[in-house]
Number of protein chains: 2
Amino acid sequence: MGIKPHCGGGQDTLICHHLHGGRPTPFQSSAAFLGGPGEGSPCTPGLGWAGEGPGASGKNRHVCHAMARLEMGSLWEEFNRLGTEMIVTKAGRRMFPTFQVKLSGLDPLADYVLLMDFIPLDDKRYRYAFHSSSWLVAGRAEPAAPGRVHFHPDSPAKGAQWMRQIVSFDKLKLTNNLLDDNGHIILNSMHRYQPRFHVVFVDPRHDSERFAHQNFKSFSFPETQFMAVTAYQNHRITQLKIASNPFAKGFRDSDPEPW
Amino acid sequence: MGIKPHCGGGQDTLICHHLHGGRPTPFQSSAAFLGGPGEGSPCTPGLGWAGEGPGASGKNRHVCHAMARLEMGSLWEEFNRLGTEMIVTKAGRRMFPTFQVKLSGLDPLADYVLLMDFIPLDDKRYRYAFHSSSWLVAGRAEPAAPGRVHFHPDSPAKGAQWMRQIVSFDKLKLTNNLLDDNGHIILNSMHRYQPRFHVVFVDPRHDSERFAHQNFKSFSFPETQFMAVTAYQNHRITQLKIASNPFAKGFRDSDPEPW
DNA sequence: CGATTCACACCTAGGTGACAATCT
DNA sequence: AGATTGTCACCTAGGTGTGAATCG
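Residues numbered from 1 in each chain as written. Chains lettered and ligands numbered in written order. Predicted model: local features only at pLDDT ≥ 70, side-chain atom pairs only at ≥ 80, totals over all residues. Heavy atoms only, no water.

In the nomenclature of an unreviewed UniProt entry, chain A corresponds to T-box domain-containing protein from the organism Chloebia gouldiae.

As structure tokens, this is what we get:
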């Protein structure tokens, strides 16, 4: 399973003003900032730092060859076959599996910011039917939580640095607290989400805001979609978490193959 | 006790080529890179990004007003009165107290790299006389270990970011392994050292190497000098470490005032 | 014999799901 | 009844000095 072009998530298109400034502080940022095509759109021919027209649909050459490979793909797929659930808590809970990617195709000498956001997969609210071990639609979605983004804490950094090793979003935490002021990602429990990953070229041009829509490339891995929950519903998900997450080793009975 | 101007440490003057590039990897860097006056030298009049002559002795305006206040000063002084000892191990050992400073006077919008190095305080080797509880000179110094530097892992970052909160060098580790390939600071046991702290302005000019000697400012806090040891010699140092380092709580008997 | 090394018990710091209590 | 919250035992990960063993 690979990368799916992502086209819009129903969120407003906003420019992120942190990308050319200092190290972004996650909770200063709110709202996802793009909905356009990521993967799959053509590079603007000959587009460099020189001329380009506003409104051009191509991507800046610094991002158009960027590629991201999802790490731990088989583990993600095993969860996905059961219907991945991610715990959300007031204090914030990490994701497991952790979202990790291996990057390539960046300009080693250019600066990039890496970030993630989470798109509602539909406008429904769910509940779990224990007797049939399946999810049922339980109504329309709650009002969408503030659309926050999570900047990778090493941002900004050079392309060479990002490509040197696996990029891990293990500091990212999910919360259901609408008033959270720790900069965590706010999600509605019992709603489905698609994690999204963005590579943003830090454009050194003065009027770089005008080209912001060309300076990023986005990746969505369908096998990483999940249901946000406050407690696990599917017992097989619980067992797979216990079996594969080192921090849950205390709940293992025997010693089957660790991941 | 305050800041002492530092003039040379007997090490060669080298230019650090990482300062304008990507995130520096500590163990890629070797050799301290300056010996000139830090604190106390005048700013070059009107010196900005514009004209200045090579060999000008003043400091770039981005660093000349930089100030660093040592944190936990009274703890450092308490150790210093007894004769601070720092453990060095093959695997690398953190310093305690941790070297921490509060910065001011930086340009909030400019990029800076922060780093530390360690200067031999003399060319002697010591040994501890337990009967008199004092240090004796035991000969001439061993050949100086490779003069590494430790970049603060958040480097480079904007002045505003550095000044926002206390800058802590808690990732810095000391080793006595001359073949260390973990990027740790290599010191000779039974030798005395003076930690040094450097603020380096990341000069965006093309030929910034020519001005490297103007783009940094250095700080030496005499109360942070120490003897490198493989095992504590002065029992009162051991007791003060146990009393003040949270990780050594297991060795406390009663519960006197924690630091 | 002084200096160094290593395994170890004991901490800090923080990530797990279980489970009882509580909320709506 | 379903969803959420808070506490807890049990982990991972790694920073302490100790004290015996070893090195030179």
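Peer 1: Describe in detail the overall build of chain A, supporting the description with residues and values.
Peer 2: Secondary structure summary: chain A contains three helices and 15 strands in total. Restricting the contact set of chain A to residue pairs at least 6 apart, pairs at least 24 apart contribute 76%. Carbon and sulfur atoms provide 55% of the accessible area of chain A, an area that totals close to 12,600 Å². (Helix = DSSP H or I, 4+ residues; strand = E, 2+ residues; numbered from the N terminus. Contact = heavy atoms within 4.5 Å. Areas by Shrake-Rupley, 256 points an atom, 1.4 Å probe, with all protein chains shown as cover.)

Peer 1: Lay out the UniProt feature "domain: T-box" (unreviewed entry) in chain A with the relevant residues and their values.
Peer 2: Within this numbering scheme, the UniProt entry marks residues 70-253 of chain A as carrying the feature "domain: T-box" (unreviewed entry). Taken end to end, residues 70-253 of chain A comprises 14% helix and 35% strand; its first and last C-alpha atoms sit 30 Å apart. (UniProt positions renumbered as here; feature names shortened; annotations may be inferred.)

Peer 1: Give a detailed account of the protein's contact with DNA strand C, specifying residues and quantitative values.
Peer 2: Lining the immediate surroundings of DNA strand C are 23 residues, of which R93(A), Y232(A), S189(B), T230(B) and K249(B) lie closest. In this structure, a phosphate oxygen belonging to DNA strand C sits 3.2 Å away from a side-chain N or O atom of K173(A). Within the side chain of Y232(A), one N or O atom sits 2.6 Å away from a phosphate oxygen of DNA strand C. Those elements giving two or more residues to the surface near DNA strand C turn out to be β3 (93-94) and α3 (235-244) of chain A. Top element by residues in the surface near DNA strand C is α3(A). It accounts for three residues. Looking at the surface near DNA strand C, its residues break down into nine nonpolar, seven polar and seven charged. (Near = heavy atom within 4 Å. Polar contact = N/O pair within 3.5 Å; in protein donor to acceptor, adjacent residues only side chain to side chain. Nonpolar A, V, L, I, M, F, W, Y, C, P; charged D, E, K, R; others polar.)

Peer 1: Got a sec to walk through the protein's contact with DNA strand D? Specific residues and values, please.
Peer 2: Among the 22 residues in the neighbourhood of DNA strand D, the closest are listed as N176(A), S189(A), K249(A), R93(B) and Y232(B). Each atom of DNA strand D within 4 Å of the protein was assigned to sugar, phosphate or base; sugar and phosphate come to 80%. Here a phosphate oxygen of DNA strand D and a side-chain polar atom of S189(A) are 2.9 Å apart. In the environment of DNA strand D, a phosphate oxygen lies 2.9 Å from a nitrogen or oxygen atom belonging to the side chain of T230(A). Listing elements by their share of the surface near DNA strand D, those giving two or more residues are β3 (93-94) and α3 (235-244) of chain B.

Peer 1: Can you break down helix α1 (residues 73-82) of chain B residue by residue, with the values?
Peer 2: All names here are of chain B. Those residues of α1 that sit buried are G73, L75, W76 and F79. Viewed end-on, α1 has its buried residues packed into an arc of 160°, placing them on one side of the element. The inward-facing, buried residues of α1 abut β1 (67-70), β2 (85-87) and α3. Looking at the residues trailing α1, positive phi occurs at G83, about 95°. (Buried < 20%, exposed > 50% of the residue type's maximum accessible area, 1.4 Å probe, protein only. Arc of directions from axis to C-beta.)

Peer 1: Run through the sheet that holds β3(A), naming residues and quoting values.
Peer 2: All names here are of chain A. Taken together, three strands build an open sheet; the order of strands is β3-β11-β12 and the sheet is mixed. Each edge of the open sheet is held by one strand with a lone partner, namely β3 and β12 (185-186). Sheet analysis places β3 next to strand β11 (residues 173-175), joined by two bridges and oriented antiparallel. Paired with R94 across the strands is K173, a residue of β11. (Pairing = 2+ DSSP bridges.)

Peer 1: Tell me about the sheet that holds strand β10 (residues 167-168) of chain B, residues and numbers included.
Peer 2: All names here are of chain B. The strand order β1-β4-β10 describes an open sheet built from three strands, whose pairing is antiparallel. The open sheet has two edge strands, β1 and β10, and neither has a second partner. Relative to strand β4 (residues 100-104), β1 runs antiparallel, the two sharing four bridges. Residue pairing for β4: L70 is matched across the bridge by V101.

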